[in-house]
Structures are given as C-alpha cells and as structure tokens.
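Architecture at a glance
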Amino acid sequence: MVAAEVNVPRVRMDGFGFLPDDSREIVRRFTITNKNNARVRLISLGAGIQSITIPSNTGDDADVVLGFDNVAGYLKNRYIGRIVDQISNPQGTIGDPSSSKISGCSFDISNWDSYILGERVVMTHVSRGGSFGDLLTQVTYSWTDEQKLHVEISAVTTKPRCVDIGLCSVFNLAGHGMGPEELRKHIVTVNADRWTPICIKSRLPTGCIEDVQKTIYDLRCPTWLSSKRLRKVPGGGFNHNFCINSPSDRWCYRFHARLQHPESGRFLEVYSNHPAMRVYTANDLPDLEKVWPPDLDDEGMNANVIRESRDKIIGKDGLPYKRHGGVALIPQGYPCALNHANFPLNILHPGKVYVHKMTYDFGDLNQ
C-alpha cells in the first residue's frame, strides 16, 4: 500500500512574539517555502524579512540576511530588515536605537496587519500623519521556485506628500553571521553612471549629480568589497545614492545591481522600477576591535578598554553583527528630492497610487 503524499502548505504562519506594551499584540511570522526547500521568513513587525535561506553550490543551506531571533532585537536595532520610510530616514543610521529621524510613518517599529493570500503574504499599515494626511501602505511578498523574491509596495494618501518607501535588508551571501571577513570576498556591480554626493557630517545630499568615472564610486564593473576599498570611501564605507541607468526618462523596471560570493557560488540580482539605489556596507554596526573612545590615553584611562557590551548588536543564533558585516542594496527615489530642483520628485497626490516594485533574484554562479 502506497502512503498518500502529504500536501505541505507553501505558506505557513506562526507567532514570532508579542509587543512589549500593554496591548501584548502578537507579531506574526510567515514562512514561504519553494520546491527547492529554499525559504523566506517574514514578520509583521516592520513588514520585514527575518530570514532568507538558500543553498550554496555544495548544497549547504545558509541564511543570508541579517536579522534577530526575537521582537526585542528588532525594537532595539532600528530599520534592519524592514520597510523604511526613506523620506524621514534618507541616509540614516541603520541598527542604531538612537536614530530618531522619524516621521509619522515609523514603518519599522509598527506591527502591520497581515494575512496570507494564495501563495503570497500581504501586509498593510495606516500612518496617521496629522497635517501630512493619512497614508495607507500595502506590501505584498511572493517567493518563486526560481528563488526570486518579488516585493510590491503600494500606497495612497489623503493629502499631497512626498513618498519614498524601501526595504532595508542587509545581506551577507556567505551567511548572516559570517561578518566582514566574508563580506570582503563579495563582488558588487551597480548599473549607475552617476551618483549624488553627500555631506559626510549630515549624510544628506548636496544637490549635485556627478559622474562615477575615475572615482571610488565607479562600481559599473565587478568590484571586490575589500577592506582597502572601503577605507578609501569617505565615511569609512559606502552609504551613498547611485542614479540607476534607464532606457528612458520615465521611471521603469530595470536591473539595479548584482552581488556575488564566488566561494559559496551564491549571487543576488536586484531589480526595481525606482530611479536610484542606496548602497550601504553596514558602516554603523559596531567595530568590536576598535578602542573606544579614541582619546582614552588623554583621560588617563586604560587604552586597552574596548566598547562596552551594550554597544554590541547580537543577531540571530547569538552571533554578533560587526561593522562591514553585510551590504544593503536599497532601491529608492532620489533622497531629499523636494529640496533639490534637479532631482526627480516623488510627490503622491490623493487619488493616485504610489507603486514600488522590487525583485531580489538569487542564484548559483555554477548553473
């Protein structure tokens, strides 16, 4: 007698934890598994990605996105892995609980309404903006057998406002906890002939648009993310907006960037219908080998003292996340576009729909 084949649901939901306030609201987790047993886990807190587990060229699975095992980790460390309002946080500090440039949206610390629709996961949130009006945002995730993660963000508003909503997932294709040692073995390619310079102190754009040719920002050809290269970037690593090449003057869906890790054979390609992309090499994560503060000798203190443990960021599986331990490729509009006449505007009016389509396409270099 042949045993009946078990039909395992492609999308499953369980509980990830509770909000620590009086509401004790449940944070939901959704697991989407494809036919190759590669899976994506999403959480309703911040409508974010908690993990992406894919095989290597040897068949070993690895979780390739930085994140946390519990609600407390996400509430303590802002933005990592979640939906972000790029208007309120154009070049802000990722992972820093003191980062406070927050509009009425606060997408990343809100617990979104969420449900399963067929083989997709849908999450919605209403931001009460007062004089800015209300903003209804919906995020839809789907995960294909070809290991493509499709993300569609849509929004409507009751009053005219700037809208630029992105997904701030930090990747390390060797594994989420493999740190800067493995990030240096990554190769990045960005489809951009131009970039927007920023003020290092404020991290805000100056309003200029410059060619990348013969600069450290020229990533059009495959480029190693070596420590030597990151040290040459003002600010100690990439946290910059690149102007993605387009076949027309209109916003259209196209290739943004490619990230590859030859040792594991994994690669990631990013596509979006937005005109720019932020490349961020986790410069704000703790440098655990750094003596802090740098003037300890002047204060008559022990120069071997390092940062206190409260500054450490402990991620999934109890692993510490370190400076340059991952890279985020964040499709977006031009930052602070309202303040610069030469930047394309992203103003949403009542009756119109904002749409941001993204695809994270994972693959094997040997196939």
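Per chain, the residues get numbers from 1 upward, laid out in the order the sequence is written. For a predicted model such as this one, the threshold for reporting local features is a pLDDT of at least 70, and the threshold for listing and counting side-chain atom pairs is 80 or more; totals across whole chains, interfaces and linings nevertheless cover every residue. Only hydrogens and water are removed before side-chain values are computed, so all heavy atoms of the structure are retained for them.

1. Brief notes about the sheet that holds strand E7 (residues 113-117)
We count it as follows: Two strands qualify as a pair provided that DSSP identifies no fewer than 2 bridges between them. The helix and strand labels rest on DSSP assignments: H or I over at least four residues marks a helix, E over at least two residues marks a strand, and numbering proceeds from the N terminus.
The nine strands lie next to each other as E7-E8-E9-E10-E26-E20-E19-E14-E17, forming an open sheet whose pairing is antiparallel. Of all strands in the sheet, those with a lone pairing partner are E7 and strand E17 (223-224), marking the two edges.

2. Considerations on the pattern of salt bridges
In plain terms, the rule: By salt bridge we mean one thing: a side-chain nitrogen of Lys or Arg within 4 Å of a carboxyl oxygen of Asp or Glu. For every residue, the accessible area (1.4 Å probe, protein chains only) is compared with the maximum for its type, and the residue is labelled buried under 20%, exposed over 50%, or partly exposed between those bounds.
The full count for this structure, using the stated rule, is 13 salt bridges. Note that Lys 185 and Glu 263 form a salt bridge whose closest N and O atoms lie 3.4 Å from each other. With Lys 185 in the loop between helix H2 (179-183) and strand E14 (187-190) and Glu 263 in the loop between strand E19 (254-261) and strand E20 (266-272), the pair connects residues that are 78 residues apart, well separated along the chain. One salt bridge connects Glu 269 with Arg 258, and the closest N-O pair in it is separated by 2.5 Å. Taken together, the residues span a long stretch of sequence, with Glu 269 in strand E20 and Arg 258 in strand E19 at a distance of eleven residues. Accessibility classification places Glu 269 together with Arg 258 in one group, the buried group. Bridged by salt links that share partners, the residues Arg 10, Glu 119 and Asp 145 form one connected network.

3. Description of a positive patch on the surface
Let me state the cut-off plainly: Patches here are clusters of residues that have more than 30% relative accessible area and form no salt bridge, with a 9 Å joining cutoff for like charges and a 5 Å cutoff for nonpolar side chains (Val, Leu, Ile, Met, Phe, Trp, Tyr). Methods summary: accessible areas were calculated by the Shrake-Rupley approach with a probe of 1.4 Å, and residue burial reflects only the protein chains presented. Asp and Glu count as negative and Lys and Arg as positive, but His and the ends of the chain are not part of the count. Just so you know, the charge point we use is NZ for Lys, CZ for Arg, CG for Asp and CD for Glu.
Together, Arg 184, Lys 228, Arg 231 and Lys 232 make up a region of like positive charge exposed at the surface. Here Arg 231 shows up in helix H3 (residues 227-232). By relative accessible area, Arg 231 is classed as exposed at 62%.

4. Section: the sheet that holds strand E15 (residues 192-196)
Pairing is antiparallel in the open sheet, where six strands are placed in the order E13-E24-E21-E18-E15-E16. Strands at the two margins of the open sheet, each flanked by one partner only, are strand E13 (170-171) and strand E16 (210-211). Here E15 pairs with strand E18 (residues 239-244) via four bridges, running antiparallel. In the sheet register, Trp 195 faces E18, and the bridge partner there is Phe 242.

5. Section: a negative patch on the surface
On the surface, a cluster of negative charge is contributed by Asp 21, Asp 22, Glu 25 and Asp 113. For Asp 21, a relative accessible area of 40% translates into the label partly exposed.

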